[in-house]
Amino acid sequence: QVQLVESGGGLVQAGGSLRLSCAASGRTISNYQMGWFRQAPGKGREFVAAISSSGGSTSYADSVKGRFTISGDNAKNTLYLQMNTLKPEDTAVYYCAADRGWVAVTDAARPDYWGQGTQVTVSS
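What counts and what doesn't
Residues numbered from 1 in each chain as written. Predicted model: local features only at pLDDT ≥ 70, side-chain atom pairs only at ≥ 80, totals over all residues. Heavy atoms only, no water. Salt bridge = Lys/Arg side-chain N within 4 Å of Asp/Glu carboxyl O. Buried < 20%, exposed > 50% of the residue type's maximum accessible area, 1.4 Å probe, protein only. Helix = DSSP H or I, 4+ residues; strand = E, 2+ residues; numbered from the N terminus. Phe/Tyr/Trp six-rings, centres within 6.5 Å; stacked < 30°, edge-to-face > 60°. Lys NZ or Arg CZ within 6 Å of the ring centre and 35° of its normal. Pairing = 2+ DSSP bridges.

Novice: It is not clear to me how the pattern of salt bridges should be interpreted in this structure. Could you clarify?
Specialist: Side-chain pairs of opposite charge can arise whenever the charged atoms involved come near each other. Overall, the coordinates contain four salt bridges when judged by the stated rule. Between Arg38 and Glu46 there is a salt bridge, with its nearest N and O atoms 2.6 Å apart. Judged by relative accessible area, which is 6%, Arg38 ranks as buried. Owing to a relative accessible area of 36%, Glu46 belongs among the partly exposed residues under this scheme. One salt bridge in this structure joins Asp90 and Arg67, with 2.8 Å as the shortest N-O distance. Residue Asp90 is located in the loop between β8 (78–83) and β9 (92–99), and its partner Arg67 is located in the loop between β6 (58–60) and β7 (68–73); the two are separated by 23 residues in the primary sequence.

Novice: Explanation requested: the packing of aromatic side chains in the structure shown.
Specialist: Aromatic ring pairs are reported here in terms of the distance separating the ring centres and the angle at which the planes meet. Taken as a whole and assessed by the stated rule, the structure comprises four aromatic pairs. Ring centres of Tyr32 and Tyr113 lie 5.8 Å apart, and the angle between their planes is 85°; on these two criteria the pair is classed as edge-to-face. With a gap of 81 residues between them, Tyr32 in the loop between β3 (18–25) and β4 (33–39) and Tyr113 in strand β10 (residues 113–114) connect regions that are remote in the sequence. Assessed through its relative accessible area of 2%, Tyr32 is described here as buried. Of the aromatic side chains, those joined through ring pairs into one cluster are Phe37, Phe47, Tyr95 and Trp114. Here Arg45 stacks its cationic end above the ring of Tyr95, 3.8 Å away from the centre of that ring. It is Arg100 that lies over the ring of Tyr32; its NZ or CZ is 4.4 Å from the centre.

Novice: How should I be thinking about the pairing of strand β5 (residues 45–51) in this particular structure?
Specialist: Successive side chains on a regular strand alternate, one facing one side of the sheet and the next facing the other. Extensive coverage of β5 is indicated by the burial of five of its seven residues. Pairing between β4 and β5: six bridges, direction antiparallel. Each residue of the ladder has a partner; that of Arg38, found in β5, is Glu46. The turn joining β4 and β5, which pair antiparallel and follow one another in sequence, is formed by five residues; a positive phi near 75° is taken by Gly42. Pairing geometry for β5 and β6, over three bridges, is antiparallel. If you follow Ala50 over to β6, its bridge partner there is Ser59. The hairpin formed by β5 and β6 contains six residues between the paired strands, and Gly55 there has a positive phi angle of roughly 80°.

Next comes the structure, spelled out in structure tokens:
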């Protein structure tokens, strides 16, 4: 199985940028479909972005399309989420996730493997 550890969260002003990282161990990310999810205070966990195991396909939530970019580095066995033009409503705990199936990493209820999360706070 794969273990996932997120990093890169923090406090940023609206309009700023952050890059989240998700370091994988135990298995290589090229074996999995990978995704990012987030959970804001008092809300359920929601899908943010996903990338296929080959890196050839990506998917984004409408709320982040054009601002966030998901990518993977197989050599470093790390998943990234570049977040630009951040808004206060992007404030949440961000989680990376892995699964063998593509549908699972676009459905917050379904991925088999999760990281512990990293806090992103965007001030207005």
